[in-house]
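Read off the chains here:
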Amino acid sequence: MTVRGRTGRTVLGGLLALLLAAAVTMPLTATDRVAGRATAVVEDVPGPESGPPCPVDRRYVDERPDGLREDALAAWHRLRAEAAKKRVWLCLNDGKRSAAQQRREFTDAVRRFGTRELARKYVLPPERSMHVTGTAVDVQPHAAAAWVERNGRALGWCRRYENEYWHFEHAASHVADGCPELLPNP
């Protein structure tokens, strides 16, 4: 039996359309598993575009760590808990980006700086960015980033670039091997 609404569309058809729309807009995570369906490629999973204001410095946002790779996400939560014990608030100003998000960032940088070479000093193309792999975060405010630089290695977080005090990358090897030498820029 078909139930029709006032507009003539079936109620069942309307519900199906709503469910399909919701499914399309919800990103798959590494833990989403549906038999017979391929899981999303990590590089294609988008990260948040923004977040609520950082409670300790409203110039920045504190986005959710959605899309970080599972090991980086667990390490982020441990890092944030350790910082909180010391009364340091880490705001995630930028974390996971999809390849499309990173491409947009890089294209904007090329437009702003005029050449790909100059843009690469500030933003990497998607195939080179650890934000795309879900293993990099940008921490704000400056005091919080300084705390991570001093204390993050114990949990696998290392600053990578001299010109980006806020950018940290996660790798379990950092705990035992130490942080790699800083690069001048991306």
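Scroll up for the structure.
Residues numbered from 1 in each chain as written. Predicted model: local features only at pLDDT ≥ 70, side-chain atom pairs only at ≥ 80, totals over all residues. Heavy atoms only, no water.

Visitor: Is there a simple way to explain the pairing of strand β2 (residues 136-140) in this structure?
Guide: Put simply, side chains in a regular strand alternate between the two faces of the sheet. Most of β2 sits inside the fold, with five of its five residues counted as buried. Side chains Ala136, Asp138 and Gln140 of β2 all project onto a buried face; the interleaved residues Val137 and Val139 project onto the opposite face, where all are buried too. Examined bridge by bridge, strand β1 (residues 91-94) and β2 share three bridges and lie antiparallel to one another. Within the sheet, the bridge partner assigned to Leu92 lies in β2 and is Val139. (Buried < 20%, exposed > 50% of the residue type's maximum accessible area, 1.4 Å probe, protein only. Helix = DSSP H or I, 4+ residues; strand = E, 2+ residues; numbered from the N terminus. Pairing = 2+ DSSP bridges.)

Visitor: Even after reading the chapter, I still don't get helix α3 (residues 99-113), so can you show me in this structure?
Guide: Counting along an α-helix, one turn takes 3.6 residues, and residues three or four places apart therefore face a common direction. The terminal C-alpha atoms of α3 lie 21 Å apart, and with 15 residues this matches the ideal 21 Å at 1.5 Å per residue to within 8%. Those residues of α3 that fall on the buried side of the exposure criterion are Ala99, Gln101, Gln102, Phe106 and Ala109. Viewed end-on, α3 has its buried residues packed into an arc of 160 degrees, placing them on one side of the element. Gly114 sits one or two positions beyond α3 and adopts a positive phi of about 95 degrees. (Expected span 1.5 Å × (residues − 1). Arc of directions from axis to C-beta.)

Visitor: Can you walk me through unusual backbone geometry in this structure?
Guide: Across the junction of Gln140 and Pro141, the peptide omega takes the value -10 degrees, indicating a cis bond. Its place among the elements puts Pro141 in the loop between β2 and α6 (142-151). Within the chain, Arg87 stands out as a residue other than glycine whose phi angle is a positive 65 degrees. With respect to the helices and strands, the residue Arg87 is situated in the loop between α2 (70-85) and β1.

Visitor: What should I look at first to understand the state of the cysteines in this one?
Guide: Put plainly, a disulfide is one covalent bond tying together the sulfur atoms of two cysteines. One pass over the full model with this rule turns up two disulfides. Sulfur-sulfur distance for the disulfide between Cys54 and Cys91 comes to 2.0 Å. Between Cys54 and Cys91 the disulfide shows an S-S torsion of about 75 degrees. By sign, it is right-handed. Of this pair, Cys54 sits in the loop between α1 (11-25) and α2 while Cys91 sits in strand β1, placing them 37 residues apart in sequence. Note on Cys54: relative accessible area 0%, which makes it buried. Two residues share a disulfide in this structure: Cys158 and Cys179, whose sulfurs sit 2.0 Å from each other. Taking the torsion about the sulfur-sulfur bond, which here is approximately -80 degrees, the covalent link between Cys158 and Cys179 counts as left-handed. In this pair, Cys158 is assigned in strand β3 (residues 157-161) and Cys179 in the segment after α7 (173-177), connecting sequence segments 21 residues apart. Given the relative accessible area of 38%, Cys179 is considered partly exposed. Taking only the cysteines that form disulfides and numbering them from first to last, the protein has the pattern 1-2, 3-4. (Disulfide = S-S within 2.5 Å.)

None of the figures reported here should be taken as evidence of function without further support.
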